[in-house]
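Examining the three-dimensional arrangement
Here's the letter readout for the chains.
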Amino acid sequence: MWVDSIMSELEAIVESCGCKLYDVSLLRENEAQILRISIIKDGGVSLDDCELVSQSISPFLDVKDIVKDAYTLEVSSPGVERVLKNPRHFMLSCGEVVQIRLLDKQEIVGTLMKADEQGIWLAKEAASEALDSSGFIPYAAIKRAKTIFEW
C-alpha cells in the first residue's frame, strides 16, 4: 500500500506533536478525495492537537507527493468507540474494553490486555468458550471488533 512507504515518517511527525498515529486512509466522499489521518493521545485528542498535527504533516505530504490528485487533509480522533481492523489498532487499544464478534457469531466483551501479530488476549473476566485458559483469540476467529466506552 502507498502509505506503507511513509508510515514510519508519519508516525515520527505525529509523535513529535505528543500524539500517536492510529490510522491513515484515502477515501472518496462526494467526488472529493480525503486523506484522513486518525490520531490518539492519552487523555483524549483536542482540536489543538489536530491542528498541530495537520500543520506538521501538511508540508511533509507536499514534499513526498504521494497522493497524485487533489485531496483534503483531515486530522481527527478515531472516536471513543472505534472499529479495530488490524493488529496495529488492537495494539494501540490495550487496556480498553472491547466487544468482539467471532466468526461463529459468539460475542465477547472484555478488557484487551495484549495484542501481537497473531491475535489478542482478553482479561480472564471475559469468560467464553472461545477463549483458551490464557484468554487468547486469534485474528482469524474475529469477524468484527470495536472498543466500548463505558459511561
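All values derive from a computational prediction rather than experimental measurement.

Here's the deal with the state of the cysteines
For the coordinates displayed, the defined rule picks out zero disulfides. For C50, which is in no disulfide, the shortest distance to another cysteine sulfur is to C19 and amounts to 7.5 Å. When its relative accessible area of 12% is taken as the criterion, C50 is described as buried. C94 takes part in no disulfide bond, and the closest cysteine sulfur to it belongs to C19, at a distance of 19 Å. Judged by relative accessible area, which is 35%, C94 ranks as partly exposed.

Concerning the side chain of R82
Looking at the element boundaries, R82 is found in the loop between β3 (72–76) and α3 (87–92). If sequence neighbours within four positions are ignored, R82 has contacts with Y22, S93, E96, A145, K146 and T147.

As for the packing of aromatic side chains
Here the distance between the centres and the angle between the planes together describe a pair of aromatic rings. All chains considered together, the criterion is met by two aromatic pairs. When the ring of F90 is compared with that of Y139, the centres are 5.2 Å apart and the planes differ by 50°; the resulting orientation is tilted. Note that F90 is positioned in helix α3 and Y139 in the loop between β7 (136–138) and β8 (142–147), a separation of 49 residues in sequence. Accessibility classification places F90 together with Y139 in one group, the buried group. Arranged with centres 4.8 Å apart and planes meeting at 50°, the rings of W121 and F136 form a pair that is tilted. Here F136 lies in strand β7 and W121 lies in strand β6 (residues 119–122), a separation of 15 residues in the sequence.

Comments concerning the pairing of strand β4 (residues 97–102)
For β4, a buried count of five out of six residues is recorded, marking the element as mostly surrounded by other parts of the structure. Here β4 pairs with strand β5 (residues 107–115) via five bridges, running antiparallel. When the bridges of β5 are listed, I100 appears paired with I108. Two successive antiparallel strands, β4 and β5, enclose a turn made up of four residues, where K105 displays a positive phi of approximately 75°. Across five bridges, the pairing between β4 and β8 is antiparallel. By the bridge assignment, I100 is partnered in β8 with A145.

Examining the sheet that holds strand β1 (residues 20–29)
With mixed pairing, three strands are arranged side by side in an open sheet as β1-β2-β3. For this open sheet the edge positions go to β1 and β3, each flanked by a neighbour on one side alone. The sheet shows a mean angle of 20° between the axes of neighbouring strands, direction not considered. Together, β1 and β2 (32–40) form the strand contacts of helix α1 (residues 7–16), whose direction differs from that of β1 by roughly 115°. The strands that helix α2 (residues 47–64) touches are β2 and β3; relative to β3, the one it contacts most, it runs at about 145°.

A look at α1
What α1 keeps buried is the set M7, L10, I13 and V14. What you see down the axis of α1 is that its buried residues fit within an arc of 125°, all on one side. Set apart from the buried face of α1 by more than 90 degrees, the exposed residues are S8, E15 and S16. If you follow the buried residues of α1, they end up packed against β1, β2, α2 and α3. With its phi angle positive at about 85°, G18 sits one or two positions after the end of α1.

The rules we used
- Residues numbered from 1 in each chain as written.
- Predicted model: local features only at pLDDT ≥ 70, side-chain atom pairs only at ≥ 80, totals over all residues.
- Heavy atoms only, no water.
- Disulfide = S-S within 2.5 Å.
- Buried < 20%, exposed > 50% of the residue type's maximum accessible area, 1.4 Å probe, protein only.
- Helix = DSSP H or I, 4+ residues; strand = E, 2+ residues; numbered from the N terminus.
- Contact = heavy atoms within 4.5 Å.
- Phe/Tyr/Trp six-rings, centres within 6.5 Å; stacked < 30°, edge-to-face > 60°.
- Pairing = 2+ DSSP bridges.
- Axes fitted to C-alpha atoms, helices over the stretch in contact; angles between N-to-C directions.
- Arc of directions from axis to C-beta.

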